[in-house]
Amino acid sequence: MNRSPEPGTPSTLPFSLKSGLLGCCFLFGAAAAAGQANSPAPKAVAPAANQEQGARSNDQEQPQAEVSPKEARAFTRRGWVGYRDFGARGDGTTDDSEAIVAAHAFANQHGLPVKADNRATYYIGGRERTAVIRTNTDFGTAAFIIDDTEVQNRNAPVFLVGSGRQPFPLKGISSLRRNQEKIDASLPGPCLITVTDTSVKRYIRAGLNQNNGAAQTDIFLADRAGAVDRNAPIIWDFDRITEITALPVDEQPLTITGGRFTTIANRAESKYTYYSRNIAIRRSNVVVNGLEHRITGEGDQGAPYGGFLNIQDCANVTVRNTLLTGHKTYSTIGAAGKPVSMGSYDISANRALNVSFINCRQTNDIDDRTYWGIMGSNYCKNMVYDSCVFSRFDAHMGVANATIRNSTLGHMGINAIGSGTLTVEHSTIRGTHLVNLRSDYGSTWQGAFVIRNCVFVPAGGRPVSPSLIGGAYSGQHNFGYTCYMPERIVIENLRIEDAQHPEQYRGPAVFANFNPEMTDESYQQKFPYVVTKEVVLRNVTSASGMTLRVSDNTYLFRNVKLNIQ
């Protein structure tokens, strides 16, 4: 049935959007559905998505599809279900969200894949409905229009890739140590372990978005015998544990293929009311392949987005051959009472392990500063960009091990804090710095940087005095942890494209001036910084012909060993 226009919502889409997205309505699977033409389409009895649905690993209030035994047998014999089977029109104006929810509910109950009609355009309005995906889904070349101009619940995802397995508390574990190799637990199989100590605060942010920090938390993988995956180690000491849970890992891969999604952007007030009308991935071992997401309708104001692909509390997620879009940057008043630009993302990863983006790009110019960096992450381990063209890689509240290879990064470059090894190879970086250590979290990296066979285009070619490693540290703020620079930095076969530079240019520097006030021993840090011990340089050249030097701040980096080979 046709949707009823909601207040402030047009009953039809703008002609320009329609002409680009609407195709003819030949429907995939029409022959199999022909026998149902004279009977009501099956439907789903579905609870409304609640405020927290987007953040939960599993939602036990799953919708139940109502179908006749005859229809159920027909779908099972065919081996898949489609949205038309459950009443979707696919005409670009009828709200098909109920049919989409119903199709996935039936597919989940019967273990059947879901296939969209390749020529359909599915309109998804602002009602609070979430389709739970637990089986392979082929969106094909179908178009999906997600209208965020008038929504009931901005926190309710459109699709939730979930697990049928439920988390359970782990008993008898009262403490953990950094790099601990085994936990005292017998598990039903490989599990994601999430642990929290609310009595310890980490990531006490400084600057315009200052805050009081977050409870110490960690996520790691353990096998049936409790052995911790050494590639994703425990990164904190937990002298006290207030909560620890285990989520059994779905070992069978789930694939999501294709789909041409367009979000009609919200027009809400520009403040930190993030929209999560997205694909939320809360299941391990998921492959997303060939998806596209575009954005239209961004105006003079709007609330930010928490990632069209929102990956959380899971492991082993790979996104391939996918096209995404950067969001327009809006400003608001930050916690310090001053204007601040709001982060708005098409990719978000939180408490996730082994997340890879392979051969992915964005639709807009990676050097266009009117769009925010496309990606943000927190508490992740082993993140990979391979053959990607994105405006940014960002580890917000820490990453343990990250790799960027065969990629090009735009105006926001590489922003990171964390631990382990950051590897950048065979890539072009067009940010202000080759790597920027986020100053709002203490410019900290406890580990090493390895940079090989790269090209650095400072500030996308604008005239600047470049430094390879950016950051700032006053030594007067308690971030909730000791702050480190990478202990060892290895840079080999790097070309610095600094032909465009200001007058009185002294040549590129390894380190930015992290603290202009610290020029001699009279400056006292309340919270001392652990500075890099060694920088190894092999075949580093510059377009200006000038030699790489340590820093404008020779005192702060006076003990760094510069090893030129």
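Everything quoted here is computed from the prediction, not taken from an experiment.

1. Re the overall build of the chain
(1) Moving on: Summing up its helical and strand segments, the chain has four helices and 39 strands in all.
(2) Moving on: The proportion of buried residues among the 565 residues of the chain is 56%.
(3) Moving on: Considering only contacts within the chain whose residues lie at least 6 apart along the sequence, 76% involve residues at least 24 apart.
(4) Moving on: As presented, the chain carries roughly 23000 Å² of accessible surface, and 47% of it is formed by carbon and sulfur atoms.

2. Section: helix 4 (residues 97-110)
The periodicity of an α-helix, 3.6 residues per turn, causes residues three or four places apart in sequence to face the same way.
(1) Moving on: An ideal rise of 1.5 Å per residue puts 20 Å on 14 residues; helix 4 measures up with 20 Å between its terminal C-alpha atoms.
(2) Moving on: Where burial is concerned, most of helix 4 is hidden: ten out of the 14 residues are buried.
(3) Moving on: Turning to helix 4, its buried residues are Ser-97, Ala-99, Ile-100, Val-101, Ala-102, Ala-103, His-104, Ala-105, Phe-106 and Ala-107.
(4) Moving on: The positive-phi residue at the C-terminal boundary of helix 4 is Gly-111, with phi of around 65°.

3. Let's talk about the nonpolar core
(1) Moving on: Residues Tyr-83, Phe-144 and Phe-159 are the most contacted members of the largest nonpolar core, which totals 126 residues.
(2) Moving on: In terms of residue count, the dominant contributor to this core is helix 4 (seven residues).
(3) Moving on: With sequence-adjacent residues up to four places away left out, Phe-144 is seen in contact with Tyr-83, Ile-100, Ala-116, Tyr-122, Ile-124, Phe-139, Phe-159, Arg-260, Phe-261 and Thr-262.
(4) Moving on: Membership of the second largest hydrophobic core comes to eight residues, among which are Leu-192, Ile-219, Leu-221 and Ala-315.

4. Describing helix 3 (residues 69-78)
(1) Moving on: Residues of helix 3 that are buried: Glu-71, Ala-72 and Phe-75. Taken end-on, helix 3 shows its buried residues confined to a sector of 100°, consistent with a single buried face. Every exposed residue of helix 3 that faces more than 90 degrees away from the buried side is listed here: Pro-69, Lys-70 and Arg-77.
(2) Moving on: In this structure, the buried residues of helix 3 make contact with strand 3 (81-82) and helix 4.
(3) Moving on: The first or second residue beyond helix 3 is Gly-79, which carries a positive phi of 95°.

5. Some details on the sheet that holds strand 13 (residues 243-248)
(1) Moving on: Spatially, the four strands line up as an open sheet ordered 10-13-11-12, and their pairing is antiparallel. Because the sheet does not close on itself, it has two edges, and the strands there are strand 10 (168-169) and strand 12 (214-222).
(2) Moving on: Taken together, the two bridges between strand 10 and strand 13 define a ladder with antiparallel strand orientation. Considered in strand 13, the bridge of Phe-168 is made with Ala-246.

6. A few points about unusual backbone geometry
(1) Moving on: At Ser-387, a position not held by glycine, the phi torsion is positive, near 60°.
(2) Moving on: Even without glycine at this site, Ser-443 takes up a positive phi of about 45°.
(3) Moving on: Along the chain, the position of Ser-443 falls in the loop between strand 30 (433-437) and strand 31 (445-456).

7. What to know about the confidence of the model for the chain
(1) Moving on: Taken over all residues, the pLDDT of the chain has a mean of 90, while the share at 70 or more is 88%.
(2) Moving on: Note on residues 1-40: pLDDT under 50 across the span, and 65 contacts to partners over four residues away in sequence or across chains.
(3) Moving on: pLDDT under 50 marks residues 44-60. Its contacts with residues more than four places away, or in other chains, come to 50 contacts.

8. A look at the environment of Thr-94
(1) Moving on: Structurally, Thr-94 is set in strand 4 (residues 91-95).
(2) Moving on: For Thr-94, a relative accessible area of 1% gives the class buried.
(3) Moving on: Separated by 31 residues in sequence, Thr-94 and Gly-125 place their C-alpha atoms 8.7 Å apart.

9. As for the environment of Thr-325
(1) Moving on: Following the sequence through the fold, Thr-325 ends up in the loop between strand 19 (323-324) and strand 20 (331-333).
(2) Moving on: Separated by 40 residues in the primary sequence, Thr-325 and Asp-365 place their C-alpha atoms 9.5 Å from one another.
(3) Moving on: Look past the residues within four positions of Thr-325 in its chain and what remains in contact with it is His-293, Arg-294, Ile-295, Asp-346, Thr-363, Asn-364 and Ile-374.
(4) Moving on: Polar contacts involving the side chain of Thr-325 include one to the main-chain carbonyl oxygen of His-293, which spans 2.6 Å.
(5) Moving on: A polar atom in the side chain of Thr-325 sits 2.8 Å from the side chain of Thr-363.

10. Considerations on the pairing of strand 8 (residues 137-147)
(1) Moving on: Among the eleven residues in strand 8, nine count as buried, and that is most of the element.
(2) Moving on: Where strand 6 (residues 121-124) lies against strand 8, four bridges are found, and the strand directions are parallel. Along strand 8, the bridge assignment pairs Thr-121 with Ala-143.
(3) Moving on: Here strand 8 runs beside strand 14 (residues 254-264); their pairing, made up of eight bridges, is parallel. Residue pairing in the sheet places Ile-145 in a bridge with Thr-262 of strand 14.

11. Section: the pattern of salt bridges
(1) Moving on: One pass over the full model with this rule turns up 31 salt bridges.
(2) Moving on: The partner of Asp-148 in a salt bridge is Arg-277, with the nearest N and O atoms 2.7 Å apart. Highlighted residues: Asp-148 in the loop between strand 8 and strand 9 (159-161) and Arg-277 in the loop between strand 14 and strand 15 (279-281), separated in sequence by 129 residues. Arg-277 matches Asp-148 in its accessibility class, with the two residues each being buried.
(3) Moving on: The shortest N-O distance in the salt bridge between Lys-271 and Glu-269 comes to 3.9 Å.
(4) Moving on: Accessibility expressed as a relative area gives 38% for Lys-271, which makes it partly exposed.

12. Quick look at the packing of aromatic side chains
(1) Moving on: According to the stated counting rule, one finds 31 aromatic pairs in the structure shown.
(2) Moving on: Plain terms: the ring middles of Tyr-272 and Tyr-274 are 6.1 Å apart, the flat faces sit at 25° to each other, and that makes the pair stacked.
(3) Moving on: Looking at Tyr-272, the relative accessible area reads 35%, which means it is partly exposed.
(4) Moving on: The exposure class of Tyr-274 is partly exposed, given its relative accessible area of 25%.
(5) Moving on: With a centroid separation of 6.5 Å and 80° between ring planes, the pair formed by Phe-357 and Phe-390 is classed as edge-to-face. Remark: Phe-390 occurs in strand 25 (residues 389-394) and Phe-357 occurs in strand 22 (residues 345-358); sequence separation between them is 33 residues.
(6) Moving on: Take Phe-357: its relative accessible area is 1%, and that puts it in the buried class.

Rules and cut-offs
Residues numbered from 1 in each chain as written. Predicted model: local features only at pLDDT ≥ 70, side-chain atom pairs only at ≥ 80, totals over all residues. Heavy atoms only, no water. Helix = DSSP H or I, 4+ residues; strand = E, 2+ residues; numbered from the N terminus. Buried < 20%, exposed > 50% of the residue type's maximum accessible area, 1.4 Å probe, protein only. Contact = heavy atoms within 4.5 Å. Areas by Shrake-Rupley, 256 points an atom, 1.4 Å probe, with all protein chains shown as cover. Expected span 1.5 Å × (residues − 1). Core = buried A, V, L, I, M, F, W, Y, C linked by side-chain atoms within 4.5 Å. Arc of directions from axis to C-beta. Pairing = 2+ DSSP bridges. pLDDT = per-residue confidence, 0-100. Polar contact = N/O pair within 3.5 Å; in protein donor to acceptor, adjacent residues only side chain to side chain. Salt bridge = Lys/Arg side-chain N within 4 Å of Asp/Glu carboxyl O. Phe/Tyr/Trp six-rings, centres within 6.5 Å; stacked < 30°, edge-to-face > 60°.

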